[in-house]
Amino acid sequence: VFDLIVMSVPLAILYTGIVLWLDGADRSGLVGRLGLPEWALAGLVVLVGDGVSYFRHRFEHCRWLWPSHAMHHSDETMNCLTIFRFHPINRITTMGIDISVLLLLGFPLWAVAVNNMVRHYYGISVHANVPWTLGPLGYVLVSPAMHRWHHVREGQGMRSNFATVFSVFDRA
């Protein structure tokens, strides 16, 4: 409830600020030169967004950012609501880094919005309290069983499985 009610306005202001700050910048970048159709651009933004998120998430586990990210890992019984358990500072750094990088790469606003929605709702599903492995798709996509390893408190699995959507980042 705190995340939804209290953080929605600051995050909307941050998002708008990033967009306005980058509005004058040349955002044609790499993505603009590819000339991809919209369906391919939507897929690419989720892939690139998950890659950016993977490295940002690894950084959140270092000693400098862990104090704000630890709140997400404090849930004793991981479930769909765990995705909403974030410290406000962690929420702001996550959005600021992910959106800024995608916009600087030249992704249009609609594509960044697609990335945010796909990765958010997929993130809810991987935090679900279900034993799904996704079978052969688990070699490409993160499953709830795979992400559960990321949330263990001790032993095997700690400091692994940082991606949200594509398991290929963790497997690489």
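Analysis parameters
- Residues numbered from 1 in each chain as written.
- Predicted model: local features only at pLDDT ≥ 70, side-chain atom pairs only at ≥ 80, totals over all residues.
- Heavy atoms only, no water.
- Helix = DSSP H or I, 4+ residues; strand = E, 2+ residues; numbered from the N terminus.
- Expected span 1.5 Å × (residues − 1).
- Buried < 20%, exposed > 50% of the residue type's maximum accessible area, 1.4 Å probe, protein only.
- Axes fitted to C-alpha atoms, helices over the stretch in contact; angles between N-to-C directions.
- Left-handed = near helix turned anticlockwise from the far one by under 90°.
- Contact = heavy atoms within 4.5 Å.
- Nonpolar A, V, L, I, M, F, W, Y, C, P; charged D, E, K, R; others polar.
- Polar contact = N/O pair within 3.5 Å; in protein donor to acceptor, adjacent residues only side chain to side chain.
- Parallel < 35°, antiparallel > 145°, perpendicular 65-115°, else oblique.
- Core = buried A, V, L, I, M, F, W, Y, C linked by side-chain atoms within 4.5 Å.
- Salt bridge = Lys/Arg side-chain N within 4 Å of Asp/Glu carboxyl O.

Chemist: Break down helix α6 (residues 109–126) for me, citing the residues and quoting the values.
Modeler: The end-to-end C-alpha distance of α6, which contains 18 residues, comes to 26 Å, matching closely the 26 Å that a straight helix rising 1.5 Å per residue would cover. Among all positions of α6, only Ala111, Val112, Asn115, Arg119, Tyr122, Gly123, Ile124 and Val126 are buried.

Chemist: Now, about the packing of helix α5 (residues 88–104) against α6: what can you tell me, with residues and values included?
Modeler: Packed helices, taken two at a time, are described by their axes: the angle between them and the distance between them. Where α5 meets α6, the axes come as close as 10 Å, and the angle between the chain directions of the two elements is 145°. Viewed along their axes, α5 and α6 form a crossing whose handedness is right-handed. When α5 is examined against α6, the residues Asp98, Ile99, Leu102 and Leu103 are found in contact with a partner set consisting of Leu109, Val112, Asn115, Asn116 and Arg119. Grouping the amino acids of the contact of α5 with α6 by side-chain chemistry returns five nonpolar, two polar and two charged.

Chemist: So, the side chain of His150: which residues are in play, and what are the values?
Modeler: Along the polypeptide, His150 turns up in helix α7 (residues 144–150). There is a polar contact of 3.3 Å between the side chain of His150 and the side chain of His73.

Chemist: Explain the packing of helix α3 (residues 38–60) against α5 to me, using residue names and the numbers behind them.
Modeler: Taken N-terminus to C-terminus, the directions of α3 and α5 make an angle of 140°; their axes are 10 Å apart at the nearest point. As judged from the angle between their axes, α3 and α5 are oblique. Here α3 runs over α5; the crossing is right-handed. When α3 is examined against α5, the residues Val45, Val48, Gly49, Val52, Ser53, Arg56 and Glu60 are found in contact with a partner set consisting of Asn90, Thr93, Thr94, Ile97, Asp98, Val101 and Leu102. In terms of residue class, the contact of α3 with α5 is built from six nonpolar, five polar and three charged.

Chemist: Give a detailed account of the nonpolar core, specifying residues and quantitative values.
Modeler: Core analysis: the largest hydrophobic core is formed by 21 residues, its most contacted members being Val45, Leu103, Phe107, Val112 and Val142. Those elements giving two or more residues to this core turn out to be α1 (2–23), α3, α5 and α6. Setting aside its immediate chain neighbours within four residues, Val112 contacts Tyr15, Val45, Ile99, Leu102, Leu103 and Phe107.

Chemist: Requested: an account of the pattern of salt bridges, with residues and values cited.
Modeler: All told, the structure shown has five salt bridges when counted by the stated rule. In this structure, the salt-bridge partner of Asp50 is Arg119, at a minimum N-O distance of 3.4 Å. In this pair, Asp50 is assigned in helix α3 and Arg119 in helix α6, connecting sequence segments 69 residues apart. For the pair Asp50 and Arg119, a shared accessibility class is recorded, and that class is buried. The salt bridge partner of Asp98 is Arg56, with a shortest N-O separation of 2.9 Å. Of this pair, Asp98 sits in helix α5 while Arg56 sits in helix α3; the two residues are 42 residues apart in sequence, bridging distant segments of the chain. This pair shows no difference in class: Asp98 is buried, exactly as Arg56 is. Members of the salt-bridge network, linked through shared partners, are Asp50, Arg56, Glu60, Asp98 and Arg119.

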